[in-house]
Amino acid sequence: MEKRTKNAVVTLAVGLALNILLGVTKLVAGILSRSASVASDALNNISDAAVSIVTIIATALAARRADHDHPFGHGRYEYIATFVVGAGILAVGVEAFISGIERIIEPVTMNIGVIVWVTLVGSIAVKGFMAVLYFTRAKMSVAGGDTLKAAAVDSVSDAAVTAVVLCCMIAELYTGAHIDGYASVAVAVVIVVFAVKILKTTISRLLGERPDSELYDTVRNIILSFDNVVSVHDLIINDYGAATKIAEADAEFPSSMSFVEVHSVCDGIEREVYDQTGIRLCIHADPIIDSDERLMVLRKRVSEILGAYGATAHDISINDDKSCVELDIHLPLDKSPEAEITAQVKASIVAYLPYDVCVNVDYI
């Protein structure tokens, strides 16, 4: 196991121990004080401890090397672990909500003693420490980073929730108002909101989402920095875990270059991208035919239209046998007026060359 992965596992183990300690302490305090909100907060910590066990195992599994059956590694175990964290938090939120509703219907006067005050104040301090620890370790870790960030968010929400409970107990102490149930419901709402955010993000990554724009631009700029690369398109970055990303891209080269020359440039691009980002890139070379004046004119006409929309075109070809022009258009925004752009492009091409026009649109 690599050092960074060990750090992540050790950090999660420390969190596990602290969550068990807090959960047991709060549960005792909640029973003694007859506070539903304190008891709900205790269940949250106990649930965090259970989830931490699953997370530790998943983080360790995610660090395993690629094998015959899993050539891209096991990095997505981390996303599964993060999903488990979110599901556990959601379950606790629902339970706390139900408990709060029951206490609103049948209020109970709390027995507020020194042990309760000490427990809640101590809990806020410990959760604050855990949040800082998780965030700090997340920045240092590749494997386990997303899981640690989710745990950090959970710790921040726990600290905030406990602070709300503490404030409600102070209010009841000095006003006599039974707001314990309402505090429990408020706790539940906060827990559920954070859980849904974690689940939504994790599901999106498991399904496959658009890569981080900064990483995308970094890879794209590296490719374009090489001599003789005219343009790049269809850059796809596949996420197999925080430490494993595999990409592919189409780069356009002058058709006058030899196969050996193009291959040499592609090798250099792939090495440079890996050295700077750790991404394994595969380059597909497209020839730019500059000997056909018609293609040069069409590229210019199409580029003038697409430039206004922030779109680009590639793979423009003329098939004289079929009297057809084919091209691909890349639309960067989902809200781009696809029909309008396509119609303008077709009209511009036909005005210059009266052929059939086939336009393929993608958002990659």
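Residues numbered from 1 in each chain as written. Predicted model: local features only at pLDDT ≥ 70, side-chain atom pairs only at ≥ 80, totals over all residues. Heavy atoms only, no water.

Draft legend 1. Region of interest: the packing of helix α3 (residues 77-105) against helix α6 (residues 180-207). Interhelical geometry of α3 versus α6 gives an angle of 160° and a closest axis separation of 7 Å. Between α3 and α6, the angle falls in the class roughly antiparallel. The interaxial crossing formed by α3 with α6 has left-handed handedness. (Axes fitted to C-alpha atoms, helices over the stretch in contact; angles between N-to-C directions. Helix = DSSP H or I, 4+ residues; strand = E, 2+ residues; numbered from the N terminus. Parallel < 35°, antiparallel > 145°, perpendicular 65-115°, else oblique. Left-handed = near helix turned anticlockwise from the far one by under 90°.)

Draft legend 2. Expanded view of the pattern of salt bridges. Going through the model one piece at a time under the given rule, you end up with four salt bridges. Arg294 is the salt-bridge partner of Asp292, the closest N and O atoms lying 3.3 Å from each other. Salt bridges sharing common partners tie together Arg205, Asp239 and Lys245. (Salt bridge = Lys/Arg side-chain N within 4 Å of Asp/Glu carboxyl O.)

Draft legend 3. Just unusual backbone geometry, in detail. A positive phi angle, near 75°, is found at Asn228, a position not held by glycine. As for its placement among the helices and strands, Asn228 is situated in the loop between α7 (213-224) and β1 (231-239). The backbone of Asp234 shows a phi angle near 55°, a positive value even though the residue is not glycine. Considering the arrangement of structural elements, one finds Asp234 in strand β1.

Draft legend 4. Here's a closer look at the packing of aromatic side chains. Taken as a whole and assessed by the stated rule, the structure comprises zero aromatic pairs. A cation over a ring is seen here: Lys197 above Phe194, with NZ or CZ 5.9 Å from the ring centre. (Phe/Tyr/Trp six-rings, centres within 6.5 Å; stacked < 30°, edge-to-face > 60°. Lys NZ or Arg CZ within 6 Å of the ring centre and 35° of its normal.)

Draft legend 5. Examining the pairing of strand β2 (residues 245-254) more closely. The element β2 is extensively covered by neighbouring structure, given that eight of its 10 residues are classed as buried. For β1 and β2, the ladder comprises seven bridges, and the chain directions are antiparallel. Bridge assignment links Asp239 to a residue of β2, and that residue is Lys245. The β-α-β motif built from β2, the intervening helix α8 (residues 259-277) and the parallel element strand β3 (residues 280-288) has right-handed crossover chirality. (Buried < 20%, exposed > 50% of the residue type's maximum accessible area, 1.4 Å probe, protein only. Pairing = 2+ DSSP bridges. Right-handed = clockwise from strand over helix to strand, strands pointing away.)

Draft legend 6. Structural detail: the confidence of the model for the chain. Mean pLDDT over the chain stands at 82; residues scoring 70 or higher make up 92%. Within the chain, the element-level pLDDT minimum falls on helix α2 (residues 36-62), averaging 75, and the maximum on α8, averaging 94. (pLDDT = per-residue confidence, 0-100.)

Draft legend 7. Spatial organisation of the nonpolar core. Formed by 21 residues in total, the largest nonpolar core has its most connected members in Ile223, Phe253, Ile269, Leu281 and Ile283. Breaking this core down by element, the ones donating at least two residues are α7, β1, β2, α8 and β3. Per-element tally for this core: the top contributor is α8, with five residues. If you look at the next biggest cluster of nonpolar residues, it comprises 19 residues, including Ile329, Val345, Leu353 and Val359. (Core = buried A, V, L, I, M, F, W, Y, C linked by side-chain atoms within 4.5 Å.)

Draft legend 8. Expanded view of the sheet that holds strand β6 (residues 356-362). With mixed pairing, three strands are arranged side by side in an open sheet as β4-β5-β6. In this open sheet, the two strands that pair with only one neighbour each are β4 (312-319) and β6. Direction aside, the axes of adjacent strands within the sheet are offset by 15° on average. Sheet topology note: the β4/strand β5 (residues 324-330) ladder contains six bridges and is antiparallel. If you follow Thr312 over to β5, its bridge partner there is His330. Contacting β4 and β5, helix α9 (residues 293-307) runs over the sheet at an angle of about 150° to β4. Contacts between helix α10 (residues 338-352) and the sheet are confined to β5 and β6, with β6 contributing the most and set at about 150° to the helix. (Contact = heavy atoms within 4.5 Å.)

Draft legend 9. Structural detail: the packing of α9 against α10. For the pair α9 and α10, interaxial distance at closest approach is 10 Å and the crossing angle is 150°. One element, α9, and the other, α10, form an angle in the roughly antiparallel class. Along this stretch, α9 crosses α10, giving a crossing that reads as right-handed. Mapping the contact onto sequence places Glu293, Arg294, Val297, Leu298, Arg301, Val302, Ile305 and Leu306 in α9 and Ile341, Gln344, Val345, Ser348, Ile349, Ala351 and Tyr352 in α10. Along the lines of polarity and charge, the residues of the contact of α9 with α10 split into 10 nonpolar, two polar and three charged. (Nonpolar A, V, L, I, M, F, W, Y, C, P; charged D, E, K, R; others polar.)

Draft legend 10. Focus on the side chain of Thr11. Mapped onto the fold, Thr11 is located in helix α1 (residues 3-33). By relative accessible area, Thr11 is classed as buried at 3%. What Thr11 contacts, discounting residues up to four positions off in sequence, is Leu133, Tyr134, Arg137 and Leu148.

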